[in-house]
Amino acid sequence: DNLIKYNRVVNSGYNGIHFNYRNIVEYNYILNSLLTKDDGGAIYTSSFNSYPNAKTAGSIVRYNVIDGSLGTLNGFGYYGFRQGFGIYLDENAGGVTIEYNTISNCSAICIGLHKSFDATIMNNTLINAKTLFNVNSDLGGSKFTNNILYALNRNIDNDGVQLLVGKYKGNV
């Protein structure tokens, strides 16, 4: 177990904080992540090929402030739009609690689940992204409750459409 606490991460090329295994990530300030790469997060975790026994089980991400997860088409660009995530649970990350975070100005998604499971997402404030909360192939058991979502008139790319919640596959 690790404690990642009271850090200020400014202008990171890729993920602001990247962890695997069980960790507590709290009281961090992350400004402008993913300046040279894409498809990552200001706070990112994965546990590739570990379903249903994720190495991330028991992790807590709480009381963090994230402002600007930008992404760049030059860093990946496969999808044709920037993919900056605020908090990104990727590739079999499971059993993670995400609570009391404030996340704003993400080019893609404030909180994203991709092939993850048993996540608890509660009491977060999500502001201004293409999609504020997104589930892409949740493997089950995740819960999204008591969060505040603000969609502004235009997102960070000046598109006129913002989604509060998007879902591809899963039961969240």
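None of these values were measured; they are calculated from a predicted model.

## Considerations on the pattern of salt bridges
- Throughout the structure, instances matching the rule amount to three salt bridges.
- The salt bridge partner of Asp 1 is Arg 22, with a shortest N-O separation of 2.9 Å. Pair noted here: Asp 1 is in the segment before strand S1 (2-5) and Arg 22 is in the loop between strand S3 (17-19) and strand S4 (23-26), with a separation of 21 residues, a long-range link.
- Assessed through its relative accessible area of 70%, Asp 1 is described here as exposed.
- One salt bridge connects Arg 62 with Glu 26, and the closest N-O pair in it is separated by 2.6 Å. Note that Arg 62 is positioned in strand S7 (residues 60-62) and Glu 26 in strand S4, a separation of 36 residues in sequence.
- The class of Glu 26 is buried, set by a relative accessible area of 6%.
- Shared partners join several salt bridges into a network, and the residues in it are Lys 5, Glu 26 and Arg 62.

Calculation notes
Every chain begins its residue count from 1, and numbering advances along the sequence as written. Reporting in this predicted model follows two pLDDT cut-offs: at least 70 for local features of residues, and 80 or more for side-chain atom pairs to be given and counted; totals over whole chains, interfaces and linings ignore these cut-offs and use all residues. To get the side-chain values, take all heavy atoms of the structure and skip hydrogens and water. What counts as a salt bridge is simple: a side-chain nitrogen of Lys or Arg found within 4 Å of a carboxyl oxygen of Asp or Glu. Strands are runs of DSSP state E lasting at least two residues, helices are runs of H or I lasting at least four, and both sets are numbered from the N terminus onward. Accessible area is worked out with a 1.4 Å probe on protein chains only. A residue is then buried under 20% of its type maximum, exposed over 50%, and partly exposed in between.

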